[in-house]
Amino acid sequence: MHIGIIGAGNMGATLAAQLTRLGHQVAIANSRGPQALADVAAQTGATPVPVTQVTRKADVVIVAIPEKSIPELPAGLLSSLPADTVVIDAGNYVPKLRDGHIDAIDAGLPESQWAQAQLRHPVVKAFNTIRPASLASLGKPAGAAGRAVIPVAGDDPAAKAVVLELADQLGFDGLDAGPLAESWRQQPGTPIYTTDLPLDAARQVLADATPEQAASWRG
């Protein structure tokens, strides 16, 4: 597949390296331009491009930037994509250390529903619960004991199926985590966040999560 990654921080670069290793054609962009991505390109095998070109020919676009930076993306960058292009929101809202306060999220709107409204394209929430180091090191073949989970939330079954398949290719059990309205269950502060749980345990903690856990973490 052709995959565009917006964001070349730890998560964006790790996804670029792992997906390139699997044989996908990966383009990567950040706010500073392709000239700033020479090291990332050398380390990952991804092709650095201007952010305005990162979605060209993309079957999948991964947004891996701070929440505060989403509204600063070029106007129409994702809203002009074909309806069947899969857009993954891999970010997390970190108000105190990075993002400042976003009133709608503070009032209880799931982070990815807010991101979807800013991007004006349907999104799937995935890859936000795992640390880059775990993504790079914990992958196991399908069926292996103790395989860690990647929860995937979204409203389009076909888009979720694409992301669940990517998780499997990367060496993780993809877990359908329900609609985007339920994606708060995998936000920071909930029991699945950065815990690298196997399938049965992950399914249980998703069910047991409460909105108060995410709200407490933000506070």
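All values derive from a computational prediction rather than experimental measurement. (Residues numbered from 1 in each chain as written. Predicted model: local features only at pLDDT ≥ 70, side-chain atom pairs only at ≥ 80, totals over all residues. Heavy atoms only, no water.)

Where do I start with the environment of H101 in this structure?
With respect to the element layout, H101 can be found in the loop between α3 (95-99) and α4 (103-106). Residues H101 and R218, spaced 117 residues apart in sequence, show a C-alpha to C-alpha distance of 9.7 Å. Other than its neighbours up to four places away in sequence, H101 contacts Y93, P95 and D106. At 2.9 Å, the side chain of H101 and the side chain of D106 are in polar contact. (Helix = DSSP H or I, 4+ residues; strand = E, 2+ residues; numbered from the N terminus. Contact = heavy atoms within 4.5 Å. Polar contact = N/O pair within 3.5 Å; in protein donor to acceptor, adjacent residues only side chain to side chain.)

Would you mind showing me how to read the sheet that holds strand β5 (residues 86-89) here?
Hydrogen bonds along the backbone pair up the strands of a sheet, which may run parallel or antiparallel. What the 6 strands build is an open sheet, ordered β3-β2-β1-β4-β5-β6; its pairing is parallel. Bordering the open sheet on either side are β3 (47-48) and β6 (124-125), each of which pairs with just one other strand. Bridge analysis of strand β2 (residues 25-29) against β3 gives 2 bridges, and the strand direction is parallel. Bridge pairing in β3 places A27 opposite T47. Contacts from helix α1 (residues 10-21) reach β1 (2-6), β2 and β4 (60-63) within the one sheet, and its direction differs from that of β2 by about 165 degrees. Each of β1, β4, β5 and β6 touches helix α7 (residues 157-170); the most contacted strand, β5, lies at about 65 degrees to it. (Pairing = 2+ DSSP bridges. Axes fitted to C-alpha atoms, helices over the stretch in contact; angles between N-to-C directions.)

Mind showing me how you'd approach the nonpolar core here?
When a protein is soluble and globular, its nonpolar side chains tend to lie buried together. Counting 33 residues, the largest nonpolar core has I5, L15, L19, I62, I88 and F127 as the members making the most contacts within it. Elements with a contribution of two residues or more to this core: β1, α1, β2, β4, β5, β7 (149-152) and α7. Non-local contacts of I5, meaning those with residues more than four positions away in its chain, are made with G12, L15, A16, L19, V26, A27, I28, A29, V54 and I62. One finds A29, A58, Y93 and L180 within the second-largest nonpolar core, a separate group that totals 24 residues. (Core = buried A, V, L, I, M, F, W, Y, C linked by side-chain atoms within 4.5 Å. Buried < 20%, exposed > 50% of the residue type's maximum accessible area, 1.4 Å probe, protein only.)

Where do I start with the pattern of salt bridges in this structure?
Opposite charge on two side chains permits them to pair, given that their charged atoms come into close proximity. Under the defined criterion, the tally for this structure stands at 8 salt bridges. The residue K125 makes a salt bridge to D89 at a minimum N-O spacing of 3.4 Å. Here D89 lies in strand β5 and K125 lies in strand β6, a separation of 36 residues in the sequence. The same class applies to K125 as to D89, namely buried. Note that R147 and D173 form a salt bridge whose closest N and O atoms lie 2.9 Å from each other. In this pair, R147 sits in the loop between α6 (132-137) and β7 while D173 sits in strand β8 (residues 173-176), placing the two residues 26 residues apart along the sequence. The exposure class of R147 is buried, given its relative accessible area of 3%. (Salt bridge = Lys/Arg side-chain N within 4 Å of Asp/Glu carboxyl O.)

Quick question: what am I supposed to make of the pairing of β7 here?
Side chains on a regular strand alternate between the two faces of the sheet. On β7, burial covers both faces: V149 and P151 on one face and I150 and V152 on the other are all buried. Direction of pairing for β7 relative to β8: parallel, over a ladder of 4 bridges. Residue V149 lies in a different strand from β8, and its bridge partner there is D173. Handedness of the β-α-β unit built from β7, α7 and β8 comes out right-handed. (Right-handed = clockwise from strand over helix to strand, strands pointing away.)

Help me understand the environment of Q204, please; the structure alone is not making it clear to me.
Position of Q204 relative to the elements: it lies in helix α8 (residues 199-208). In this structure Q204 comes out as partly exposed when scored by relative accessible area, which is 44%. Residues Q204 and L180, spaced 24 residues apart in sequence, show a C-alpha to C-alpha distance of 18 Å.

For this particular structure, what's the right way to read α8?
Note: α-helices contain 3.6 residues per turn, so residues at a spacing of three or four share the same orientation. For α8, the complete set of buried residues consists of A202, V205 and L206. Down the axis of α8, the buried set is contained in an arc of 105 degrees. They therefore lie on one face. The exposed residues of α8 that point more than 90 degrees off its buried face are D200 and A207. Next to the buried residues of α8 lie β7 and β8. (Arc of directions from axis to C-beta.)

How should I be thinking about the side chain of Q186 in this particular structure?
Within the secondary structure layout, Q186 lies in the loop between β8 and α8. Residue contacts for Q186: discarding those within four places in its chain leaves K125, A126, N128, T129, P151, V152, A153, A177, I192, Y193 and L206.

Would you mind going over unusual backbone geometry with me for this structure?
Of all residues except glycine, most have a negative phi; of all peptide bonds, most are trans. Residue K57 is not a glycine yet carries a positive backbone phi of 65 degrees. Under the relative-accessibility criterion, K57 is labelled exposed at 72%. Even without a glycine there, the phi angle at D196 is positive, about 55 degrees. Checked against the element boundaries, D196 lands in the loop between β8 and α8.

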